Structures are given as structure tokens and as C-alpha cells.
Amino acid sequence: MGTLWQDLRYGARMLWKNPGFTVVVVLALALGIGANTAIFSVVNAVLLRPLPFEQPEQLVLVWETHPFGRQLGYTHLPGSTANFTDLKQRSDVFSELAALDSWNTVLTGNNEPERLTGVKVSANLFTLLRMNPAQGRGFVADEDRPGNNRVVVVSHGLWQRRFGGDPSLVNKTLTLDGETYTVIGIMPEHASFPQNMGLPAYFDFEQKTDLWTPIALTDEETKNRGSHHIGVVGRLKPGVGIEQAQAQLSNIMSALEQEYPDDNKEWGMAVVSLHEQVVGKSRGAILILLGAVGFVLLIACANVANLLLARAASRQRELAIRTALGASRGRIMRQLLTESVLLALLGGVLGVWLAMWGVDLLIALSPGTIPRTAEIGIDNRVLGYTLLISLVTGVVFGLLPALQSSKPALNEMLKEGGRSGGGSPRRERARRLLVVSEVALALVLLISAGLLLKSFLRLQNVKPGFAPEGVLTAEIGLQEQKYKDERRIADFYRQTIARVKTLPGVESVGAVSHLPLSGAEEIDGFTIEGRETLAAGLVQSADFRVIAPEYFQSLGIPLIRGRHFNEQDRADSTPVMIVDETFARRFFPGEDPLGKRINEQGSRWPHSFFTVVGIVGGVKHSQLNGEARPTMYLSYEQSGWTSLTLTVRAAGDPNMLAAAVRREVLAVDKDQPVTKIAPMSEVFSKAVAPQRFNALLLNLFAAVAMILAVVGIYGVIAYTVAQRSHEMGIRIALGATRRDILRLVVGQAMLTTLLGVALGLAGAFALTRLMSSLLYEVSATDPAIFAGVALLLALVALLASYLPARRATKVDPMVALRYE
């Protein structure tokens, strides 16, 4: 222990005596360690940290599956209430099961009306999650029955935001959708409910849950197998694994298919861990970013190792004297590694500070699709990781210089170093090997970044089928208890659209049930009059949207044939439908769909058949990096749809209309809130936010890697030129021209660079395939990116080597020879 303390004190004195060297090394390491710490904080919060529940490994979601869902890209689908009822009775692998359903409600009272995001849940949900209200109580079984369910538990956020933290809120009443509910509990401040826990994948998860109420399934609902709209969360019994649960549920579903073939044919069940459901989609991108910052750290290590090798040349006399005085090779290596670890620890300390700033930046730039962002931060595990990589880094970059410098035979050194006393050929080869590795690693990062950037640019240039610029959107969700009939709903929207249309600067006003690219979708089955079955391979379902007459004009969706909806398309007129060109092409190949009658099979429709009166252009409703799906459009006048989003096309800046639109809605109904007022361009931007985030970070890391690699090339060549000044002087004295010297120095540098480029291309060819799922219309081995990035790095390396090469051409032979 005393020897270690001696090594530490001596190492600290050596670093203090060379402040310039120490600062450069610590900054390089801090950059790499800080980037790794910041990304690992994301890995820790999202992937490694257990969900904030008691025994979270027992929590699972139970989805239903069907072949048509998989064909549409939905691996998992919501369940039916009847199947949930049977599952509770027949399964024995769960200690508890609970159902959940979305619930958007309007809170009215003394303040301005507010639309809240709620969830209807089985009464045992909170006990299943082992999470109790901080004030009041949770639900009891008797409240999970129709007529007894007018009770709510509110979130801490809603309690603070709306009620100012009123300690007497419990047992008070709220008016939700015009009905009275009693507040029975308030959840803890840090209670965390995964936003997509148990809810169908096409719901909007950006908003936090505001309140919960019992689901209170009716007898009719518990027997309904045709409507799939609930999520199911379960807690496995101790000792039961997901595989065992999956096997039992598959058997149960097979039995249900035999008992109810009309409703359960080809339906299955899938058990997914809650942790996987929450974080699974983010895992690939996060791990790729972690690998990228790992490359940055390796490049920083190679750079520092090069600096240490260069510094070791100036310490040969010191090390030779220590050897002559009896120091063993192991003793010298330990001293040198101690100094390396000291540098790494200093870099780690500074890196933690950089990481704290970097974490804030990551959260600010987050596209909103990374789960658990509120939990990202620097905790003990992250600090332990930083300490570990600092220690490993110190050994990694210090080992080669220590091996090279720990055997300083004086006579041999003088023979190899020439009269300059410079570095040996062995040390020179080591430095060049490190530069090769830097170039190779940097090239892999640059190619990966180039692929993501090209993919993002292509995605951003995709034509979505509509024109988002100049459009303001505003969501309106009517209170179902207040607007119960189709006529009253239509009257509200008709008046609202008419009033908004009179505002100055408004060109057209439409409305739609689900905005394109908003993440909200509806898919229904349908039949075509006169057809028994569809052609083989076709899916008998399509997206649908409920719209107002000027929706297509407001979003710039072209009418191809037929007509738009008009004021004559009302509840008492012939039910009509507009389809898009994808629908027409898929379900009416070689036919004209105009005039055809389609039975939209959603149970909510008051009509049986809709006549097709128009065909419009296809729109990418779900995602930009996919094909436009077939879509049916229905008129709001004939649908009774309560929740629509206004689409207001403005002559100028659409944001200037926000306050006026809200005012006109309240003029029609003073208790009707307006939410999510935003320009359509912002909705479009959010659709590409994940790709933009990945491309931005990876390009940032790649830029840092290239800078480090170029600095490494420059440093090695500059040091080599300084050590070979005697040789250069002799060459010039013997007649070598400036061009000869340039060719010699640059040629050696480019040979090293090209070797690194070759290795980097091979590595990139193997590794970029891992990021194929993140790319859009770009091959993981895109030849243009590979060739362009390799050429760019070679040109930058050429510039980096040219500067010290020019210095070599200016060596004065007389000065160099006299100095030697």
C-alpha cells in the first residue's frame, strides 16, 4: 500500500510538471468518458433500471393476435371483454388480472373547461401494481359495477395543476362529462404509470394519465367477443415464467376458438413483460448510440496512447537511470500505468460534469418516443460505470506505452534513436498502428452517421399526400353525456366550423377524427355489396377517418374523381363514403368504385351501407416510412363521431389564429375545451423526430471521432518530422527537392491512413447491417456513402499530413546538421 501511495504521489508530481500535456489528455478523455456516461445514463434509466413497482418482473401484458393484424403491421391487438372474463376464470398462472380502457373526459366547473386523459380500470389495478394512493384510498370491488362507479382517483399532477394542492379534495365531487364523480384518492407525486401500459398501440401516449375510474363492465360487455378495445395487465404467480404463461393462454385461446368459432377464429393471445412493452422499441437505437460513444472513447484512448508514446521518448533518460538503479520492468510499468490511471480518473471527474450537461441536452432533444425520460440522470450506478470505464480506459491507453517504455536499454536506445535520441522504430510502428485504429474506428462511425443522415433526409423529403404548411390544428372532444345524439353533434361542429371560417386570414376549415401522422388510428372491417369474399391475399379491413366537407381542401389532398362531401350529406340523406386511391386500387382492381356500396362494419355506425362518391389521393396516415394504407372517409354529419380535430388553412402564420379559434369554440359551448392547438407542420416534424434525434447524435459523435482521428494523424506526422529533422537536413543537403520531401512525408501518412480506411470499410460493412431497422430507403452498405465518407476522411487526413510536411521542407540543412 505504501508503494502504491508513492507511485500516486510521484505520478501526480509528473503530471503537475507537464500541465500542457495533462490538460490535453484530460480533455480528450473527458470528452469520451463524458459521452459514454451520458448515453449510459439513458441505458440505465430505460433498459437496466426495473420499473417502479414491487416485483416488476412479475408484471405482464396480455395482448390478442390475429393474422390480419400482422398483415397490417400490428403484432399485438387489444382484447375483447368476453375473452378477458374467460381468462380470469380459466387461467391459474396469474395472481391477479386487470382490464384497462382509455377514457378522455371533460372537467368543468369554476375554471375554464379542461380535457383530461383518463383510464378506466378494474378495481384491483392498484393492488395488482402494489401502488396505493398517497391520500384517500383506491377502488373496492363493489365500485367496479355499473351504477357504483362514479368515483375517481386523481394524479398528483392534476391535483397540483387544477386544484392547487387542496388537501381537502378527497371526498369532494368533480363534474366530468356532465356527471358527478367523487374523488376518493390522490396518487403519490412520483407514482409512475407507463404511458402505454395495457392500452392499444394506436392510442396517444404523449399525455400523462390524469385520473382513473372503475371500468364497471356490464353483463352485455362481458359477453361481447367482437369488440376488441381493452388492454389486460397481469401479475404472474411467484415462480411462473412468461413461457409457462404463454403456453397456458395459447391452450385457453384454442379452447375458446372451438367454443366460439364465429368470434375467435384464428385469434390468439400473447404474453409480453411490462418492461419489454415499455422499452422494447427503443432498445436497438439506444444500444447503437452506446456503441457509437464506445468508439469515440476508443479513439480518444488511441490518441492519448500516442501522446504518451511521444512523451515517453523524452523520459528515456529518466527511465534508464531508474533501471540502472535497480528498478525492475514491472516496477516501471506499474509507475507508468499509475500515471495513466490518474489521467483517466481526472478525465472521468471532468467527464461526469460534461455528462450532467449532456443528459440535460439529451432530454431537451428527446423526440418524445424514448420512454422513462423523467428517470434519466446521474445516479450511483452511472457513477460506478464512469469509475469502471475510467479505470479500464487508464489501463487500455497506458498499457502499450508502458510496455514500450519499461525496458529502456541505454545502448540499444542510442543505436536505434540515432543522434537525435528520438523514438525507436518499434515505438514509431506502435504510433502508426494506433493511428490506423483511430482512422478505422472513425470511418465506421462516419459511415454509420452518413447512412442515418441520408435516411433522415429521404424520410423528410417523403411526400405524405398532404400539405402541412400553413395549417393550424385544434382537437375537440365533445362530452358524450351532453352530446348523445347524432344531430346535436353535427350541429355543434357545423356552427363551430362556420364561425372559424369567418375569421380574418382563414382560407378553409375542415375537421378529421384522427390527424395524419399523429399516432392515432382506427381500422375497421368492411364488406362490398354483391361480393361473397375478396380475392385471395387481400385484407378485408382499412383505415377510416371521419371528416368535415372541406378537410381535403384544408390539407391539400387532391380529389381524383367524383366529388367532395357537401352540405346535403346529412343524417337523413343517403349515406356516402369517399375512398382513397390505395383503397380503389386494392379492392377494385380494374373497376370503378364510384357508385359501389360498402358496409363499414364498425358497430358504432347508424347506417349499413355507404355509397362511394369520390376518390382522393393516398395519405400516409400511420408513418412516413411505409406505404399509404387503404382508407375510407365518412362524413361527420352521418357518423355521430364526437371527437374531431379542426384543420384551419391560414393565409399567413397559422399560429396567429390559435386564440381566435379557441374563442369561437367557447362561443358555441362555454364548457367545451380545445386541446393540442398546434400547426400541422409541428405534427409532421414530430413524425420524423426519432430519426432526426438518432441522426443528430450519431453525426455529432462521428464529427468528434473524425476530429480526434485527424488530430492523431497530425500529431504523429508532426512528431515524426521533428524527430527526423536530421534526416531531412541530410536529404536536402544531398539534393532532395521540396516536392521530394512532401512526397515522402505525405506518402507515409497517407499509407497509414489508407490502411485505416481499408480496415474501417471492412468493419463498417459488417457492423452497419445492425442498424438496418433504423434506415429508410437506404441500404446498410450504400456504396455512395461508403465511398464518399472514405474519400472525405482521406482528404482531411491529407490536409492534416500536409501541414507538418510543409514544415519538413523548410528544414535548414546547416542548422539541422550543426544541432546534431
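Within each chain, residues carry numbers counting from 1 in the order of the written sequence. Residues qualify for local features only when their pLDDT is at least 70, as the model is predicted, and side-chain atom pairs are given and counted only at 80 or more; totals for whole chains, interfaces and linings, by contrast, use all residues. Hydrogen atoms and water are omitted, and side-chain values are computed over all heavy atoms in the structure.

*Asks:* Quick rundown of unusual backbone geometry? Include the residues and the values.
*Replies:* Notably, arginine 372 is not glycine yet its phi reads approximately 60 degrees, a positive angle. A positive phi angle, near 55 degrees, is found at glutamate 777, a position not held by glycine. Along the polypeptide, glutamate 777 turns up in the loop between helix H23 (738-767) and helix H24 (783-809). For each residue, the accessible area found with a 1.4 Å probe, counting protein chains only, is set against the maximum for its type, and the residue is called buried under 20%, exposed over 50%, and partly exposed in between. Taking the relative accessible area as the measure of exposure, glutamate 777 reaches 53% and is therefore exposed. Helix numbers and strand numbers start at the N terminus; a helix is a DSSP run of H or I with at least 4 residues, a strand a run of E with at least 2.

*Asks:* Go over a nonpolar patch on the surface with me, naming the residues and quoting the values.
*Replies:* Residues Trp357, Leu361, Leu365 and Leu696 make up a contiguous nonpolar surface patch of roughly 390 Å² in combined accessible area. Sorting elements by how many residues they give to the nonpolar patch places helix H12 (residues 329-365) first, with three residues. Checked against the element boundaries, tryptophan 357 lands in helix H12. A patch consists of residues whose relative accessible area exceeds 30% and which take part in no salt bridge; residues with like charges are grouped when within 9 Å of each other, and nonpolar side chains (Val, Leu, Ile, Met, Phe, Trp, Tyr) when within 5 Å. Calculation of accessible area relied on Shrake-Rupley with a 1.4 Å probe; when residues are assessed, cover is drawn exclusively from the protein chains displayed. In the sections that follow, a salt bridge refers to a side-chain nitrogen of Lys or Arg positioned within 4 Å of a carboxyl oxygen of Asp or Glu.

*Asks:* Lay out the packing of helix H4 (residues 81-90) against helix H8 (residues 242-259) in plain terms, naming residues and giving numbers.
*Replies:* Axis geometry follows a simple rule: fit a line to the C-alpha atoms, using only the stretch in contact for helices, then measure angles between N-to-C directions, giving values from 0 to 180 degrees. Across the interface, H4 lies against H8 with an axial gap of 11 Å and an inter-helix angle of 125 degrees. When the interaxial angle is binned, H4 and H8 end up oblique. Crossing of H4 over H8 shows right-handed handedness. For the pair formed by H4 and H8, the contact residues are Asn83, Asp86, Leu87 and Arg90 on the first element and Gln248, Leu249, Ile252, Met253, Ala255, Leu256 and Glu259 on the second. Under the scheme applied here, ten amino acids are nonpolar (Ala, Val, Leu, Ile, Met, Phe, Trp, Tyr, Cys and Pro), four are charged (Asp, Glu, Lys and Arg), and all others, including Gly, are polar. For the contact of H4 with H8, the residue count by class is six nonpolar, two polar and three charged. Orientation is classified from the angle alone, with under 35 degrees giving roughly parallel, over 145 giving roughly antiparallel, 65 to 115 giving roughly perpendicular, and any other angle giving oblique. What makes a crossing left-handed is the near helix being turned counterclockwise from the far one by less than a right angle; a clockwise turn instead makes it right-handed. Whether two residues are in contact is decided by their heavy atoms: any pair within 4.5 Å suffices.

*Asks:* Describe the nonpolar core, naming the residues involved and giving the relevant values.
*Replies:* The tendency in soluble globular proteins is for nonpolar side chains to be buried side by side. Side-chain atoms within 4.5 Å are what join buried Ala, Val, Leu, Ile, Met, Phe, Trp, Tyr and Cys residues into a set we call a nonpolar core. Core analysis: the biggest nonpolar cluster contains 147 residues, and Phe139, Phe397, Tyr633 and Phe701 have the highest contact counts within it. Here the element with the most residues in this core is helix H10 (residues 274-314); it accounts for 19 residues. If you look at the next biggest cluster of nonpolar residues, it comprises 45 residues, including Tyr483, Met577, Leu644 and Ala660.

*Asks:* Describe the confidence of the model for the chain, naming the residues involved and giving the relevant values.
*Replies:* Of the residues in the chain, 86% have a pLDDT of 70 or more, and the chain-wide mean is 83. The score called pLDDT rates the predictor's confidence residue by residue, from a low of 0 to a high of 100. Mean pLDDT across the elements of the chain ranges from a minimum in helix H14 (residues 410-417), with 47, to a maximum in strand S6 (residues 151-154), with 95. This model gives residues 413-422 a pLDDT under 50, and the stretch forms 10 contacts once residues within four places in sequence are excluded.

*Asks:* Tell me about the packing of H23 against H24, and please be specific about residues and values.
*Replies:* It is at 8 Å that the axes of H23 and H24 come closest, and there the two elements cross at 155 degrees. It follows that H23 is roughly antiparallel to H24 by the angle criterion. The element H23 and its partner H24 pack so that their crossing is right-handed. Taking contact as the criterion, the partners of Arg738, Ile741, Leu742, Val745, Val746, Ala749, Met750, Thr753, Val757, Leu761, Ala764 and Phe765 in H23 are, on H24, Phe786, Ala790, Ala794, Ala797, Leu798, Ser801, Tyr802, Ala805, Arg806, Ala808 and Thr809. Of the residues assigned to the contact of H23 with H24, the class counts are 18 nonpolar, three polar and two charged.

*Asks:* Give a detailed account of the side chain of arginine 545, specifying residues and quantitative values.
*Replies:* Mapped onto the elements of the fold, arginine 545 is located in strand S15 (residues 541-547). Neither His nor the chain ends contribute to the count of charged residues, in which Lys and Arg are positive and Asp and Glu negative. Put simply, arginine 545 is tucked away with no salt bridge, and the nearest opposite charge, on aspartate 543, sits 4.5 Å away. With near-sequence residues (within four places) excluded, arginine 545 lies in contact with Val512, Ser513, His514, Leu515, Ala520, Glu522, His621, Thr631, Met632, Tyr633 and Leu634.

*Asks:* How would you sum up H24? Please name residues and give values.
*Replies:* Residues three or four positions apart in an α-helix share a direction because the helix packs 3.6 residues into each turn. With 27 residues, H24 should reach 39 Å at 1.5 Å per residue; the first-to-last C-alpha distance of 38 Å fits that figure. The bend reported for a residue corresponds to the angle between axes fitted to the seven residues ending at that residue and the seven starting there. Of all the bends in H24, the largest measures some 25 degrees and sits at tyrosine 802, one to four residues before the proline proline 804. Measuring from the side-chain oxygen of the N-cap residue of H24 to the backbone nitrogen of alanine 784 gives 3.0 Å; that N-cap residue is aspartate 782. A helix is expected to span 1.5 Å multiplied by its residue count minus one. The definition of a polar contact used here is a pair of N or O atoms within 3.5 Å, where within protein one atom must be able to donate a hydrogen and the other to accept one, and adjacent residues in sequence count solely through side-chain atom pairs.

*Asks:* Now, about the environment of valine 296: what can you tell me, with residues and values included?
*Replies:* Along the chain, the position of valine 296 falls in helix H10. Judged by its relative accessible area of 2%, valine 296 is buried. Not counting residues up to four positions away in its chain, the partners in contact with valine 296 are Gly32, Leu445, Phe701, Val704 and Leu708.

*Asks:* Lay out the pattern of salt bridges in plain terms, naming residues and giving numbers.
*Replies:* As enumerated under the stated definition, the model contains 29 salt bridges in all. With a shortest N-O distance of 2.3 Å, lysine 501 and glutamate 550 are connected by a salt bridge. Residue lysine 501 is found in helix H16 (residues 486-501), and its partner glutamate 550 is found in the loop between S15 and helix H17 (551-555); the two are separated by 49 residues along the sequence. When its relative accessible area of 37% is taken as the criterion, lysine 501 is described as partly exposed. Of the charged contacts, one joins glutamate 529 and arginine 597 as a salt bridge, the two residues approaching to 2.9 Å between their closest N and O atoms.

*Asks:* Mind laying out the packing of aromatic side chains, listing which residues take part and the relevant values?
*Replies:* Think of a pair of aromatic rings as described by two things: how far the centres are apart, and how the planes are tilted against each other in angle. Aromatic pairing here means that ring centres of Phe, Tyr or Trp (its six-membered ring) are within 6.5 Å. Orientation follows from the plane angle: under 30 degrees is stacked, over 60 is edge-to-face, and everything else is tilted. Using the criterion set out here, one finds 14 aromatic pairs in the structure. Summarising the aromatic geometry, the rings of phenylalanine 126 and phenylalanine 139 are spaced 5.6 Å apart at their centres and angled 25 degrees between planes, so their arrangement reads as stacked. Residue phenylalanine 126 is located in helix H5 (residues 125-129), and its partner phenylalanine 139 is located in the loop between strand S5 (135-136) and S6; the two are separated by 13 residues in the primary sequence. By relative accessible area, which is 3% here, phenylalanine 126 ends up buried. For phenylalanine 139, a relative accessible area of 9% translates into the label buried. Between the NZ or CZ atom of arginine 225 and the centre of the ring of tyrosine 260, over which it lies, the distance is 3.6 Å. The ring of phenylalanine 765 has arginine 769 lying over it, and the distance from NZ or CZ to the ring centre is 4.3 Å. Here, over-ring charges are defined by two tests on the NZ atom of lysine or the CZ atom of arginine: distance to the ring centre within 6 Å, and angle to the ring normal within 35 degrees.

*Asks:* Could you give an account of H23, naming the residues involved and the relevant values?
*Replies:* The end-to-end C-alpha separation of H23 is 42 Å, in line with the 44 Å expected for 30 residues at 1.5 Å each. Buried within H23 we find Ile741, Val745, Val746, Ala749, Met750, Thr752, Thr753, Gly756, Val757, Gly760, Gly763 and Ala764.

*Asks:* Explain the environment of serine 437 to me, using residue names and the numbers behind them.
*Replies:* Among the structural elements, serine 437 can be located in helix H15 (residues 425-460). A sequence separation of 138 residues divides serine 437 from isoleucine 299, and the C-alpha atoms of the two residues are 7.6 Å apart.

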